[in-house]
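Next come the chains, spelled out residue by residue.
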Amino acid sequence: MRRWCTSLVLVFFAGITNAPAVLVDWSAETWTPGSLTNSFDVDPGTAGNDVTATVSGDTAQLRASLTGGGEQTPAITSNLLGGFAAGHMSLQLAVDLANNTQGVTVTIDFSNLYANGVSNVSFQLFDLDFSNSGGNTYQDILRNIYATSTTGTQIAPTITPSANNSVSGTGINQVITGNVSTSDTLGTANATISFNTTDIRSITFTYGSSNLFANPTYQHIALDNISFVPEARTWYVGLFAYAVVAVSTALRWRKQHRRKKLPQV
């Protein structure tokens, strides 16, 4: 009996710690070009929308893509490939900032139905680069990069740059800066952002241009698929309750069975 109970408890907790990752896959989602907020139902384990992406800040400076279908951004396109094969979809942001203090902020909110938030959020950004030729004068930067926990605490990211960009600063003050002009289709100007922790309610970052140019020209990046691990499924609560009842019933049966076998005095 003890061995059986121990095995049940181990299975229960193993299931909690090994919840599968969920993906916001842009090739499977829709985004009306130019709209500033959209929600997505990507987790089969919860009802309704699980993730909401919002673009705020100097949104009047958002522009249409210069390639592909020329969609007003934000838009899901295959224009910036990040080293993936042709046709790979991502959420593109294009801006023409009036000055280098402007920027647009992307916020990724996870549903309040995740009472304990989510964990292990990870995504790539494509084409964080630099140009100072042919009339193009901009230097992509990403700043204010952090997650917010379910209790309101800001969480610092783990950032992995590529050959053509770099990371400066520490903690929640890290900045990704583009250093070299890069083809839109290559992965040498990607950056990977990860939050290897739990209890995440939202992710935020701001895209703009460095102070190298007072009036930056047109520039763009793309947000690739977003991976996250949901909190423990609610059906585990039911499983645990069922296990408690089953163990209790088995113990009562065993006690009664032993009584029947006691010799009569």
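See the structure printed just above.
The text that follows walks through the structure, step by step, so that each part is easy to find. (Residues numbered from 1 in each chain as written. Predicted model: local features only at pLDDT ≥ 70, side-chain atom pairs only at ≥ 80, totals over all residues. Heavy atoms only, no water.)

1. Overview of the overall build of the chain
Item 1. Each helix and strand in the chain was counted, giving two helices and 17 strands.
Item 2. In the chain, 75% of the contacts between residues at least 6 apart in sequence involve partners at least 24 apart.
Item 3. When the accessible surface of the chain is split by element, carbon and sulfur atoms take 55% of a total near 13100 Å². (Helix = DSSP H or I, 4+ residues; strand = E, 2+ residues; numbered from the N terminus. Contact = heavy atoms within 4.5 Å. Areas by Shrake-Rupley, 256 points an atom, 1.4 Å probe, with all protein chains shown as cover.)

2. Brief notes about the packing of aromatic side chains
Item 1. Scanning all chains against the criterion turns up eight aromatic pairs.
Item 2. With a centroid separation of 5.5 Å and 85 degrees between ring planes, the pair formed by Trp 26 and Phe 40 is classed as edge-to-face. Residue Trp 26 is found in the loop between strand E1 (22-24) and strand E2 (37-40), and its partner Phe 40 is found in strand E2; the two are separated by 14 residues along the sequence. No difference in accessibility class separates Trp 26 from Phe 40, as the two residues are buried.
Item 3. Both rings, one in Phe 123 and one in Phe 205, keep their centres 6.0 Å apart while their planes meet at 35 degrees; by these two values the pair is tilted. Taken together, the positions of Phe 123 in strand E7 (residues 119-126) and Phe 205 in strand E15 (residues 200-209) put the pair 82 residues apart, joining distant regions of the chain.
Item 4. Relative accessible area serves as the criterion here: at 2%, Phe 123 is assigned to the buried category. (Phe/Tyr/Trp six-rings, centres within 6.5 Å; stacked < 30°, edge-to-face > 60°. Buried < 20%, exposed > 50% of the residue type's maximum accessible area, 1.4 Å probe, protein only.)

3. Points about the layout of surface pockets
Item 1. What the largest pocket holds in volume is close to 150 Å³.
Item 2. Surrounding the largest pocket, Leu 66, Asp 127, Asp 129, Asn 136, Tyr 138, Ser 181, Thr 182, Asp 184, Tyr 218, Gln 219 and His 220 form its lining.
Item 3. Where the lining of the largest pocket is concerned, the elements lending two or more residues are strand E9 (136-149) and strand E16 (219-223).
Item 4. Here the residues of the lining of the largest pocket are counted per class, giving three nonpolar, five polar and three charged. (1 Å grid on protein atoms, 1.4 Å probe; cavity = no way out; pocket = protein on both sides within 12 Å on 5 of 7 lines; lining within 4 Å. Points joined across faces, edges and corners; volume = space filled by probe spheres on them. Nonpolar A, V, L, I, M, F, W, Y, C, P; charged D, E, K, R; others polar.)

4. Some details on the pairing of strand E13 (residues 175-178)
Item 1. As judged from the two bridges shared by E9 and E13, these two strands associate in the antiparallel manner. In the strand pairing of E13, Leu 142 is matched with Ile 176.
Item 2. Direction of pairing for strand E12 (residues 165-168) relative to E13: antiparallel, over a ladder of four bridges. Bridging from a neighbouring strand, Ser 166 pairs with Thr 177 of E13.
Item 3. Adjacent in sequence and paired antiparallel, E12 and E13 are bridged by six residues, among which Gly 169 carries a positive phi angle near 80 degrees. (Pairing = 2+ DSSP bridges.)

5. Concerning the nonpolar core
Item 1. Core analysis: the largest hydrophobic core is formed by 42 residues, its most contacted members being Phe 110, Phe 123, Leu 142 and Phe 228.
Item 2. Other than its neighbours up to four places away in sequence, Phe 110 contacts Asp 50, Val 51, Val 118, Val 121, Ile 200, Arg 201, Ser 202, Ile 203 and Phe 228. (Core = buried A, V, L, I, M, F, W, Y, C linked by side-chain atoms within 4.5 Å.)

6. Let's talk about unusual backbone geometry
Item 1. Put simply, Thr 73 and Pro 74 share a cis peptide bond, and its omega is 5 degrees.
Item 2. With respect to the helices and strands, the residue Pro 74 is situated in the loop between strand E3 (51-57) and strand E4 (75-77).
Item 3. Despite not being glycine, Asn 144 shows a phi value in the positive range, around 50 degrees.
Item 4. Mapped onto the elements of the fold, Asn 144 is located in strand E9.
Item 5. Asn 144 sits in the partly exposed class, given a relative accessible area of 38%.

7. A word on the environment of Asn 120
Item 1. The residue Asn 120 is located in strand E7 in this model.
Item 2. What makes Asn 120 partly exposed here is its relative accessible area of 36%.
Item 3. Along the chain, Asn 120 and Phe 195 lie 75 residues apart, while their C-alpha atoms are 5.4 Å from each other.
Item 4. Filtering out sequence-adjacent residues up to four positions away, Asn 120 remains in contact with Phe 195, Asn 196, Thr 197, Ile 200, Ser 227, Phe 228 and Val 229.

8. Points about the side chain of His 220
Item 1. Its location among the elements puts His 220 in strand E16.
Item 2. Ignoring any residue separated from it by four or fewer positions in sequence, one finds His 220 in contact with Leu 80, Gln 92, Leu 93, Ala 94, Asp 127, Asp 140, Asp 184 and Tyr 207.

9. Structural notes on the pairing of E16
Item 1. Summarising burial for E16: five of the five residues are buried, a large majority.
Item 2. On E16, burial covers both faces: Gln 219, Ile 221 and Leu 223 on one face and His 220 and Ala 222 on the other are all buried.
Item 3. Judged from the five bridges that link them, strand E5 (residues 90-95) and E16 form a sheet pairing that is antiparallel. In the sheet register, Leu 91 faces E16, and the bridge partner there is Leu 223.
Item 4. Examined bridge by bridge, E7 and E16 share two bridges and lie antiparallel to one another. In the strand pairing of E16, Phe 126 is matched with Ala 222.

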